[in-house]
Structures are given as C-alpha cells and as structure tokens.
Amino acid sequence: MVFSLRRAKRLQLIVHSFRYHDGKLYCDDVDLARAAESFGTPLYIYSAGTILDHFSRLNAALAPLHHLVCYAVKANSNRAVLKLLAEAGAGFDIVSGGELFRAIKAGADPTKCTFAGVGKARDEIEYAIDQGVYSFNVESEAELEYIDKIAGAKKLRAPIALRVNPDVDPHTHEYIATGLHENKFGIALGRAPAVYERAAKMRNIDIVGVQMHIGSQITESAPFADAIGKVAPLVMQLKSRYGIKFFSIGGGMGIIYRRALESGSGKWWHDHSGESSAFSVRDYADAIVPPLRDLDVRILVEPGRFLVGNAGILLTRVRYIKESSVKKFVIVDAGMNDLIRPSLYRSYHEIVPVEEKIQSERKRKIDIVGPVCESGDFFALDREMPEVHEGDLLAIMSAGAYGFVMASNYNSRPLPAEALVRGGKLALIRKRQTWEDLVRDEAE
Ligand code: LLP
C-alpha cells in the first residue's frame, strides 16, 4: 500500500500519555522519576487513559458494524488492565485456562470471551465450557473431536468457530506471521467447508462462527482487506447453512515503535534509522468496514498491541558505563528477561532519558544492554543518543504489549514491578518479586 504524504504526516501523531514537562518525563500527571523512587526499577508503567482512549477510538471507527472488541489478553494480562477494559465493555480473546481465569477474576463476562490456541488441554476445555465462553476457536479436526467428546461427557454443547487460514502474507516478522499455509495455525480455507460439515454432525457441538488471525504488528491495511475478501464467501455460505452469528477477523493492528516520543518543545531528537509505517485506526476501518458491513454478521476484532502497546513503558536505571576501544556500553538494570522483544525479534523500541537532554548536546552511538549473561541481552545496538550517565533513568517506550507477559526469571532475576497511572494517580498493580519468591515453590 502506498501512503500519501498527508497520511504519512498523520501517522506521526502518537496518541499516548508520555510527555516532557519542564524537561522531565511524565505519564499524564505523574513524574516518572518519582515513580522510580517509589517503586524502584526496572518498572513497567501503563497509562489507563491511553488504553481507554485506544479502545474508544477503535470502537468509534467500527461503529458502523455490529461488533465486539475482544482484547487479546496475551498482550498484557495484568488484572488491573483487564479490569479497565472489562468495565469499558470489552470482550476478551484468551488462549489458555490461565488467561480465562485471570479475565474472570478481573470481572470479564465469559460470554464475551473467545478461546483460541492450537493446543488446548482437557482441563482448559472443561473450564471454558463450564464458564460458558462465547466460542472455542478450533484449530484442527483433532481438537474439534476432543471438544465434542469433553462436552458430551458433561452433557453440554460447546459453541465453536473454526479458525481458517486464508494464506495471506501479513508482511511482518516471520515469528508473528500466522495466516500463511506454512504456519501451524488454523484450517486451510479450502478444507473448511468439509470440516464444518463434520462439525454439524457432532452431537455436542454448536457451530456459531468463523475466525481468522493473519499475524501481528501488521502495518498496512491491505493484508486485512485481502484476507477478509478471501474468507467472505465462506462466511456467507456458513451463514445460510448453519446460521453462524459471528466472524472474528483477529487482531494484528501494528503500532508505531520508531519515534514513539515526540517532544512538545521540539527539543527531542529523532531517530533517523527508519520510518514508522504503522497506519491509523481510520485507515484500518476504511479498509475493513465496507466489506464486513455487507456480510451482516457480528464482527469480532481481537487487538492486543494496538490497545496497550504505546500505553506502557519500561523504566530502567543506568548502572554502569563501559567503554571499549570500539564500543560504548550503557548497562542498565533491566534485562532481556524483563523485556525480550529486542533480543527475540530484533524489534526496535525508542529509548529516551527521563530527564530531557538538550538537542545540541553531543550525540554518540551506544549499545544499551542488560545484566543478563548473554550477548543477545540488549535493548538497542549502535543507537545514536545524547550523553547518558551512570544513575540516569531511561524509558524504553512502547513496552505495554508483550513486555511483562513475556518476562521470565532467567538468571534468577525477580520479575519487575508494574504500575498503572489512572486519574492522575500512580498505583502499584504488581509487586516486584523478591529473592524469596524465586525459591518459594521449589522442593528443597
Ligand atoms: N488473536 C490471535 C489469535 C492471536 O494469536 C494474537 C496474537 C492476537 C489476536 C493479538 O495480536 P495483536 O493485535 O497484539 O497483534 N510476542 C509478539 C506478538 C505475538 C502475537 C501472538 N498472537 C511480539 O512481541 O511482537
């Protein structure tokens, strides 16, 4: 898809709550240096305002459709985040019994939850049937048979949708492309009618919808439109044959990672290593609403990153500066165990000092690395930044999605804390783990 200049300009408008005031970085009214003093670092900080704003902008853009936004819990599953969205009326896309459990604990309505995933276990299926989920998004014939059997044993019926694989290239990182035939996900589009026919004969299965999800961090609308175009005839056929209620088009809307912070004062520097290409919610809606409206079924969308990605940062403190003959390393207190995206996908996150630097200050290329014992433990390589000193606080931007949820205890590092800014107040929503926590569940 070719972007016009006007549109490209519009893309630079980042809608989130992290801003400099008087040279200090704030999340809404909260001074991030003070947040670090209160709760220590590394610390994830999320803005409730940004999450809710994204949710309402997406709902507004999809208003012409009978639709439900089912937040993809995997992106950020802190209960405080789920509660915000549940109260705002969101449904949830869950991929495990644990996610369903969390969502229910946060006040989610199970009848607004869809259960996805290629390897659902017996106890997860039983729990989801008992809770009355809206739909199981089924990924294989073997799974369909298994769900039928489990529902039968309970003398209940399980609502299902098949996840179809439309074989569309989403032009994203290979690890998060899911809608190509070589990916493990879904049932090939051509095979789907026969599998639905089988499902229709199963005693304990109700056919309620059809689902797809072609990938994540998709930064153009064409793949969404292509996939909808490919699956639409099937939707019509299923509607007339089985009276399906919904078509879920999955998640995948990309966000802006580069230049994720623009200084209001104009003092901030820009990253010149690449252009952001994330498209706006308007572009997304323009591409998908017309073809979906014609289908006249309920439309589900499953955004994760779009709702929470730019609503969160990871705050970290510089521990040491180390210079070799060829490199300057800035060693921070967060590691790949806290935020694995740069190591795993080589993904770019903007990194900015919490105390704003003056643009004229000398810039240098530095590597920002963590304390973990791997060379892959980095947040930025050869990044041009103004001088950074020991003790400085840095904000790793756009860390609200797939940040904390992918954190681990690797190197026996306690999981970081999480905080939420809401209504001008900062609240701890997950305590930092302690060394005691690390060994608590182990047998001696
Ligand atoms: N629906 C399904 C069936 C999914 O598999 C996913 C994400 C979503 C919705 C939400 O996608 P989103 O709107 O967030 O793009 N860890 C990777 C991303 C993995 C995405 C997995 N599936 C990352 O950090 O980029």
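Residues numbered from 1 in each chain as written. Predicted model: local features only at pLDDT ≥ 70, side-chain atom pairs only at ≥ 80, totals over all residues. Heavy atoms only, no water.

## Brief notes about the packing of aromatic side chains
In step 1: Counting across every chain of the model gives seven aromatic pairs.
In step 2: Between Phe224 and Tyr284, the aromatic rings sit 5.1 Å apart at their centres with planes inclined by 85°, giving edge-to-face as the arrangement. Residue Phe224 is found in helix H9 (residues 222–242), and its partner Tyr284 is found in helix H10 (residues 281–293); the two are separated by 60 residues along the sequence. For the residue pair Phe224 and Tyr284, the accessibility class agrees, reading buried in each case.
In step 3: Put simply, the rings of Tyr44, Tyr46 and Phe404 touch in pairs and so form one group of aromatic residues.
In step 4: Lying across the ring of Tyr348, Arg258 places its NZ or CZ 4.1 Å from the centre.
In step 5: Here the guanidinium or amino end of Arg383 rests over the ring plane of Tyr348, the centre of that ring lying 3.9 Å away. (Phe/Tyr/Trp six-rings, centres within 6.5 Å; stacked < 30°, edge-to-face > 60°. Helix = DSSP H or I, 4+ residues; strand = E, 2+ residues; numbered from the N terminus. Buried < 20%, exposed > 50% of the residue type's maximum accessible area, 1.4 Å probe, protein only. Lys NZ or Arg CZ within 6 Å of the ring centre and 35° of its normal.)

## Observations concerning the environment of Val69
In step 1: Relative to the helices and strands, Val69 resides in strand S5 (residues 67–72).
In step 2: Under the relative-accessibility criterion, Val69 is labelled buried at 3%.
In step 3: Between the C-alpha atom of Val69 and that of Ile321, which follows or precedes it by 252 residues, the distance is 45 Å.
In step 4: With residues up to four places along the chain from it excluded, the contact list for Val69 reads Phe55, Leu58, Asn59, Ala90, Gly91, Val301, Pro303 and Leu307. (Contact = heavy atoms within 4.5 Å.)

## Describing the pairing of strand S15 (residues 328–332)
In step 1: Across the five residues of S15, four count as buried, placing the element largely inside the fold.
In step 2: Taken together, the five bridges between strand S14 (residues 312–323) and S15 define a ladder with antiparallel strand orientation. For Ile321, the partnering residue across the bridge sits in S15 and is Val330.
In step 3: If you look at the hairpin formed by S14 and S15, you'll find four residues sitting between the two strands.
In step 4: In the sheet, S15 pairs with strand S17 (residues 363–369) via three bridges, with the strands oriented parallel. Following the sheet pairing, Val330 is matched in S17 by Ile368. (Pairing = 2+ DSSP bridges.)

## Details of the site of the ligand
In step 1: Taken together, 18 residues sit near the ligand, with Ser216, Glu302, Arg341, Tyr345 and Tyr402 positioned nearest.
In step 2: A distance of 2.4 Å separates an oxygen atom of the ligand from a polar side-chain atom of Ser216.
In step 3: Residue Tyr402 places a side-chain N or O atom 2.6 Å away from an oxygen atom belonging to the ligand.
In step 4: Within the complex, 92% of the 590 Å² of free accessible area of the ligand lies under protein.
In step 5: Here the residues of the shell around the ligand are counted per class, giving six nonpolar, six polar and six charged. (Near = heavy atom within 4 Å. Polar contact = N/O pair within 3.5 Å; in protein donor to acceptor, adjacent residues only side chain to side chain. Areas by Shrake-Rupley, 256 points an atom, 1.4 Å probe, with all protein chains shown as cover. Nonpolar A, V, L, I, M, F, W, Y, C, P; charged D, E, K, R; others polar.)

## What about the side chain of Thr50?
In step 1: With respect to the helices and strands, Thr50 occurs in helix H3 (residues 48–61).
In step 2: Overall, the relative accessible area of 3% leaves Thr50 in the buried class.
In step 3: Within the local environment of Thr50, its side chain forms a polar contact with the side chain of Ser17, the two groups lying 2.6 Å apart.

## What about the confidence of the model for the protein chain?
In step 1: Predicted confidence across the protein chain gives a mean pLDDT of 90, with 91% of residues reaching 70 or more.
In step 2: In this model residues 1–14 is a low-confidence stretch, pLDDT under 50, and it forms 24 contacts with partners more than four residues away in sequence or in other chains. (pLDDT = per-residue confidence, 0-100.)

## Quick look at the state of the cysteines
In step 1: Within this structure, the stated rule accounts for zero disulfides.
In step 2: Cys70 carries a free sulfur, and the closest cysteine sulfur to it, the one in Cys113, is 7.4 Å from it. (Disulfide = S-S within 2.5 Å.)

## Some details on the nonpolar core
Side chains of a nonpolar character, in soluble globular proteins, are inclined to be buried together.
In step 1: With 103 residues, the main nonpolar core has Tyr71, Phe92, Phe136, Phe247 and Ile368 as its most contacted residues.
In step 2: At eight residues, the largest contribution of residues to this core is made by H9. (Core = buried A, V, L, I, M, F, W, Y, C linked by side-chain atoms within 4.5 Å.)

## Points about the packing of helix H7 (residues 141–153) against helix H8 (residues 192–201)
In step 1: Interhelical geometry of H7 versus H8 gives an angle of 10° and a closest axis separation of 11 Å. As summarised for this structure, H7 and H8 are arranged roughly parallel, according to the angle between their axes. Contacts between H7 and H8 involve Glu141, Leu144 and Glu145 from the first element and Val195, Arg198 and Ala199 from the second.
In step 2: Grouping the amino acids of the contact of H7 with H8 by side-chain chemistry returns three nonpolar, no polar and three charged. (Axes fitted to C-alpha atoms, helices over the stretch in contact; angles between N-to-C directions. Parallel < 35°, antiparallel > 145°, perpendicular 65-115°, else oblique.)

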